[in-house]
Amino acid sequence: MTDVVMPQMGESIVEGTLTKWLKKAGDRVERDEPLFEISTDKVDTEIPSPAAGTLSEVLVEEGKTVGIATVVARIDECGGAAPAAAQPAAAQPAVQPVGQDSTPAVGQDSSPAADVHVGPPPPAEEPAVAAEPTGPLSPLVRRMAREYSIDLNKVKGTGAGGRITKQDLEGHIARQQDAQPAPAPPPASAQAVAPPAVPVQAATPPPVQTPPSVQTPPPAPVPAAPPPLPGGQAKTRIEPMSTMRIRIAEHMLASRRTSAHVTTVHKVDMTKVARMRDRHKADFQSNYGMSLTYLPFVVRATVVGLRTYPLLNASLEGNNIIHHNEINIGIAVALENGLIVPVVRQADEKNVLGLQRSIVDLATRARSRQLKPEEVQGGTFSITNFGGFGSVIATPIINQPQVAILGVGAVEKTPVVIDDAIAIRSVMYLSLSFDHRLIDGALADQFTAKVKQALEGWSEEVL
Amino acid sequence: MLKCEVQEPGRVEYASAFELQQQLVARRKAGAIPDQFILLEHPHTITLGRNGHLENLLAGHDALSSAGIAFHPTDRGGDITYHGPGQIVGYPILDLREWQRDVGAYVRAIEQTMIDTLADFGIQAGRIPKCTGVWVGGSKIGAIGVHISRWVTSHGFALNVSTDLRYFQYIVPCGISKPVTSMAQLGCDASWAAVAERLAAHFGRVFEREMIPAGVLACS
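From a predicted model like this one, the values you see are computed outputs, not experimental measurements.

The rules behind the values
- Residues numbered from 1 in each chain as written.
- Chains lettered and ligands numbered in written order.
- Predicted model: local features only at pLDDT ≥ 70, side-chain atom pairs only at ≥ 80, totals over all residues.
- Helix = DSSP H or I, 4+ residues; strand = E, 2+ residues; numbered from the N terminus.
- Buried ≥ 20, exposed ≤ 12 C-beta atoms within 10 Å, placed from the backbone.
- Contact = placed C-beta atoms within 7 Å.
- Pairing = 2+ DSSP bridges.
- Axes fitted to C-alpha atoms, helices over the stretch in contact; angles between N-to-C directions.
- Right-handed = clockwise from strand over helix to strand, strands pointing away.

A. Quick peek at the overall build of chain A. When its secondary structure is counted, chain A shows twelve helices and 19 strands. The proportion of buried residues among the 463 residues of chain A is 33%. Here the analysis covers contacts within chain A between residues at least 6 apart in sequence; of these, 64% occur between residues at least 24 apart.

Shown next as structure tokens:
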């Protein structure tokens, strides 16, 4: 059984979209015959089969984007006389990672996470990581290196211009065999080594429904533990970051490097807004089919603040201050594995109803990945609502090239002192991170105080 | 230095050019010819990449044919684009195993070829992160779409020299609703041939290839 993996198409490329299967499960394929097509940025590539045999399993369907080295299919090299459907069950135990339950349902888990480091190296046509030595290599040398799993970087070339020749490889192989009496098994026999481990570990861990991971307690130590085997349970797991994760990482670090971050925190009495919200909540739900949250009130109050102190709505480009005539407010939306900041355009022209509707629409489409590129561009100020996850105060990172971001904490009923009496009020903290290159502390606090004032003295009766 | 043959077959129908590319790819894979760099022009044509979205075609097929525009779905990467007179279409047939096995680096190098060419004509062009292509300000001047089989490239790029940009109104170019521009629109009156000459020169420099005229190769 040969695993077919998503090849690495270049240094900066960490994932690819499987666009088309050129063969179906059960089809016979020849080695090097085009098997599937992948798409990376503006480039479509045909990927040849790493082995001859029967395509026994297709694990990644068309249209799915997966990380490099993810197993996308399996090829059964044993001729494929048996019907394709029967293959996986029969062949599975031999390639089961140690410690994994042997029920087929779990074994066939196709989640990329479970597959990353299982199986033989990727086809030699698309080497995953091993950089080849510079200089041309003959097909014979390539094939020998592949068959004997030789790292060509460790072989000294004696041919013209330092080229590695067949003789160099033969010498290298002979030296290796002298060094280790047991001959290194060629890749094909690696599977045969696995079975002895199965009885040992099958008895120890109880059958689990989930693949082994950090969530499950470590299994009891196995007496006389066998030496680590290929495909055994590793202590760590390597997963390439998704493109989105990489972009978030770059963006966050770039912002930290660019801006002189300072965060100021103001306490806001939200009792008036809370009453307003309570009064309209039920109507709002029945009239518009969505719940009324605190966020549109905060956006509305922010607009008031930005109108009064428009420098907070500017951005910095080098030594130039860009003043924006529009107020476009980015709202950070948490996704399953990341975040995105869609923009409520001309937020100053919307009332609470319009804002709530925009926020719900953008958040819903962000989570189903249906946002258009222009809907996440052109923001002039950002708001992040960590209060929705229970946080009271946080120090947000500025969304470049903007100069400030407002963090919204959770609204909580709190005892406060009013006129020397203790009262129960709905209290929230607003955390403003600002870029001290452009915004001074006094201005930042004036702005935040203005937002606070708009919320505490909420005067609009119309939503 | 490895050699790369330059061909300029003139104005070629999309289907004929596609066939020419396929022949060259097969011969390149077999090692029968060195790398190739084809520079040509297409008549009015709209092409859709393998992962293209037909909704980015804004006109119906009737409207296209009455405007004299051919439509071809094709196997390159990227979304939808327009080709036509006044545009230089470049089709490098390269074996990336002899350069870098890196499709990202390849696309960046193609962009660099166009950027350096535009600089020769006084146009400062650049990249926009995650919007592959070549941009002047916020407008796209050079588009890219590539197909790779066994590390041999086909399809390539399109650079607007004096393209009639009104034809782009039929599509959302590359699925990105950003404007397109041309060298002519930016006030540069360079000829097709002069730009093609610089493209070939910069291609040779960027990819470290000696650019030589093509041998006898029939264009079907």
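B. Just the interface of chain B and chain A, in detail. Taken residue by residue, the interface counts 21 residues in chain B and 17 residues in chain A. Of all the secondary-structure elements, those providing two or more residues to the side of chain B that touches chain A are helix 3 (103-120) and strand 9 (139-149) of chain B. In terms of residue count, the dominant contributor to the side of chain B that touches chain A is strand 9 of chain B (six residues). For strand 5 (residues 43-48) of chain A and strand 9 of chain B, the ladder comprises four bridges, and the chain directions are parallel. Bridging across to strand 9 of chain B, Val43 of chain A finds its partner in Val146 of chain B.

C. Main features of the environment of Gly457 of chain A. When you line up the elements, Gly457 of chain A lands in the segment after helix 12 (441-456). Considered as a pair, Gly457 of chain A and Met270 of chain A are 187 residues apart in the sequence and their alpha carbons are 9.1 Å apart.

D. Local environment of the sheet that holds strand 5 (residues 80-83) of chain B. All names here are of chain B. Spatial ordering of the open sheet is given by 4-3-5, a layout of three strands whose pairing is mixed. The sheet is open, and its two borders are formed by strand 4 (70-73) and strand 5, each paired with just one other strand. Strand-to-strand twist across the sheet, computed as the mean angle between neighbouring axes with direction ignored, equals 20 degrees. As paired elements, strand 3 (residues 45-48) and strand 5 share four bridges and run antiparallel to each other. Within the sheet, the bridge partner assigned to Ile46 lies in strand 5 and is Tyr82.

E. A look at the pairing of strand 3 of chain B. Residues and elements named next belong to chain B. Both faces of strand 3 are covered, namely the face carrying Thr45 and Thr47 and the face carrying Ile46 and Leu48. Of the pairings in the sheet, the one linking strand 3 to strand 4 comprises four bridges and is parallel in character. Directly across from Leu48, in strand 4, lies its bridge partner Pro73. Note that the unit made of strand 3, helix 2 (residues 61-66) and strand 4 has a crossover that is right-handed.

F. Focus on the sheet that holds strand 3 (residues 28-29) of chain A. Residues and elements named next belong to chain A. Taken together, the four strands give an open sheet; going across it, the order is 1-8-6-3, and neighbouring strands pair in antiparallel fashion. Of all strands in the sheet, those bounded by a partner on one side alone are strand 1 (2-5) and strand 3. Both strand 1 and strand 8 (residues 71-76) contribute to a ladder of four bridges, which runs antiparallel. Bridge pairing links Thr2 to Ile75 in strand 8.

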